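Reading the structure
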Amino acid sequence: SLSAGLDLPGRFLFATLTLMTLIAILVFIEEAVYIYRKIPSSKGSIIIWINAAAPVISTTSCIGMWVPRSTMFTDFTAGIFFAIVIHKFLMMMIKECGGQKVLLRRFENGRFTISTGPCCCCCLCLPRVPITRQTLFWLKLGTFQFAVFRPVLIFLSIVLWTNGNYVLYNLSPKGPALWISCFIGALTLFALWAVGIMFRKVRILLKCKNIIPKFALYQFIVILNQLQTAIINIFATQKIIPCAPPLSSTARGSYIAQQLLIMEMFLPTVISRVVYRRKYHDLEPPECVAEEPGDKKETP
């Protein structure tokens with residue numbers, strides 16, 4: 001165990017980070033109970049999933065910090081969970097607009113701007129797409145494919161790793177790690193692109209529901225969990241992060257990433273409790289609902 005060889009400052013750091021993780025878990029449990037009691041189940045379950053992103057990442061990082069050999073499993077667990085959260089965030093925006101049918105009525109003649117990040121932010125010549133049931137289906141498919149295929153690819157990675165064919169830091173073209181990582185990266189970009197397209201359209205409508213701070217928290221977790229960890233792993237692979245026995249460069253890079261994530265995920269856990277717990281007024285129903293008597297029965 002790594003903790004057995006720690007000096008006094010190291011033990012204090014481990015104890016502090018573990019305490020932060022426990023506090024984050026307790027804050028999330030209290031928030032989940034409140035949401036379960038106060039918010040309808042269809043919307044409440046989605047919000048609970050989104051609020052759980054930071055505590056789950058913090059918990060897996062804490063386990064990986066105490067048990068370095070479990071790093072691969074904890075990283076994969078956090079990756080699977082976060083893939084589901086990205087899809088849930090898109091569904092939350094649709095729910096906040098009143099559901100798919102009401103959203104289509106609100107933006108009956110509107111268009112999606114697809115020249116947005118992270119895929120097409122520089123392609124300003126792309127046409128604007130009409131908001132229809134089909135385009136909504138493609139946006140939901142953009143995040144759903146990530147929630148489905150990333151766990152499948154991670155399961156394949158674990159199978160190859162147990163057989164000795166998958167080495168996480170071996171990025172040679174002949175190894176499977178490079179191709180699996182590139183494929184997961186492409187799926188991630190498409191999922192984030194779908195969320196960005198939807199947010200750009202509904203941010204003005206949902207401003208009264210604090211969608212901008214919620215999206216900022218979501219982006220904060222994405223950048224730290226995905227980009228920061230990838231950069232640290234690249235530095236470790238290239239030996240920019242020196243080894244410190246008994247830790248190699250790659251193990252030390254993973255060790256540093258986990259400690260940073262525990263500290264960084266504590267902040268969005270606390271802020272999410274404030275942002276999501278506020279009581280928001282429901283949006284005014286779209287005018288077309290009142291004009292169509294046939295739809296009154298479907299309107300809650």
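Residues numbered from 1 in each chain as written. Predicted model: local features only at pLDDT ≥ 70, side-chain atom pairs only at ≥ 80, totals over all residues. Heavy atoms only, no water.

By the naming in an unreviewed UniProt entry, the chain goes by OSTA protein and is assigned to Machaerirhynchus nigripectus. Under the UniProt heading Subcellular location (unreviewed entry), the note attached to the chain is "Membrane". (UniProt positions renumbered as here; feature names shortened; annotations may be inferred.)

Another aspect to go through is the side chain of Thr-113. For Thr-113, the location among the structural elements is in the loop between strand 1 (111–112) and strand 2 (129–130). On the accessibility criterion, Thr-113 (17% relative accessible area) is buried. Look past the residues within four positions of Thr-113 in its chain and what remains in contact with it is Arg-128, Ile-197 and Arg-200. (Helix = DSSP H or I, 4+ residues; strand = E, 2+ residues; numbered from the N terminus. Buried < 20%, exposed > 50% of the residue type's maximum accessible area, 1.4 Å probe, protein only. Contact = heavy atoms within 4.5 Å.)

Listed under "transmembrane region" (unreviewed entry) in the UniProt record, and renumbered for this structure, are residues 12–34, 46–67, 73–91, 137–161 and 176–195. Overall, residues 176–195 shows 100% helix and 0% strand. The separation of its end C-alpha atoms is 29 Å.

A word on the nonpolar core. Residues Phe-89, Met-93 and Met-198 are the most contacted members of the largest nonpolar core, which totals 62 residues. Contacts of Met-93, omitting those with residues within four sequence positions, involve Val-195, Met-198, Phe-199, Val-202, Leu-206 and Ile-211. (Core = buried A, V, L, I, M, F, W, Y, C linked by side-chain atoms within 4.5 Å.)

What follows concerns the pattern of salt bridges. Tallied over the entire structure, the rule returns four salt bridges. The salt bridge involving Lys-214 is made with Glu-96; its shortest N-O contact spans 3.7 Å. Of the two residues, Lys-214 sits in helix 8 (residues 211–237) while Glu-96 sits in helix 4 (residues 71–96), which places them 118 residues apart along the sequence. You can call Glu-96 buried: its relative accessible area is 7%. (Salt bridge = Lys/Arg side-chain N within 4 Å of Asp/Glu carboxyl O.)

The subject of this paragraph is helix 2 (residues 41–51). For helix 2, the complete set of buried residues consists of Gly-44, Ile-46, Ile-47, Ile-50 and Asn-51. What you see down the axis of helix 2 is that its buried residues fit within an arc of 165°, all on one side. Contact partners of the buried residues in helix 2: helix 1 (8–38), helix 3 (53–66), helix 4 and helix 9 (249–277). (Arc of directions from axis to C-beta.)

A contiguous patch of positive charge on the surface is contributed by Arg-111, Arg-128, Arg-200 and Arg-203. Position of Arg-128 among the secondary structure elements: in the loop between strand 1 and strand 2. On the basis of relative accessibility, which here comes to 48%, the residue Arg-128 falls in the partly exposed class. (Patch = residues over 30% accessible without salt bridge, like charges linked within 9 Å, V, L, I, M, F, W, Y side chains within 5 Å. Areas by Shrake-Rupley, 256 points an atom, 1.4 Å probe, with all protein chains shown as cover. Lys, Arg positive; Asp, Glu negative; His and termini not counted. Charge placed at Lys NZ, Arg CZ, Asp CG, Glu CD.)

Looking now at helix 3. Taking 1.5 Å per residue, 14 residues should reach 20 Å; helix 3 reaches 20 Å between its end C-alpha atoms and fits that length. Counting buried residues along helix 3, ten of its 14 residues qualify, which places the element largely inside the surrounding structure. Among the residues of helix 3, Ala-53, Ala-54, Pro-55, Ile-57, Ser-58, Thr-60, Ser-61, Cys-62, Gly-64 and Met-65 are the ones counted as buried. (Expected span 1.5 Å × (residues − 1).)

Moving on, we come to a nonpolar patch on the surface. On the surface, Phe-137, Trp-138, Leu-141, Phe-144, Val-148, Phe-149 and Val-152 cluster together into a nonpolar patch covering about 670 Å² of accessible area. When you line up the elements, Val-152 lands in helix 6 (residues 133–162). Classification of Val-152 by relative accessible area gives partly exposed; the value is 49%.

All told, the structure shown has nine aromatic pairs when counted by the stated rule. Geometrically, the ring pair formed by Trp-49 and Phe-81 is stacked, given 5.2 Å between the ring centres and 25° between the ring planes. With a gap of 32 residues between them, Trp-49 in helix 2 and Phe-81 in helix 4 connect regions that are remote in the sequence. Given a relative accessible area of 30%, Trp-49 falls into the partly exposed group. Judged by its relative accessible area of 17%, Phe-81 is buried. Seen in terms of ring centroids, Phe-137 and Trp-138 are 5.7 Å apart; in terms of plane orientation they differ by 70°. Their pairing is edge-to-face. Take Phe-137: its relative accessible area is 45%, and that puts it in the partly exposed class. (Phe/Tyr/Trp six-rings, centres within 6.5 Å; stacked < 30°, edge-to-face > 60°.)

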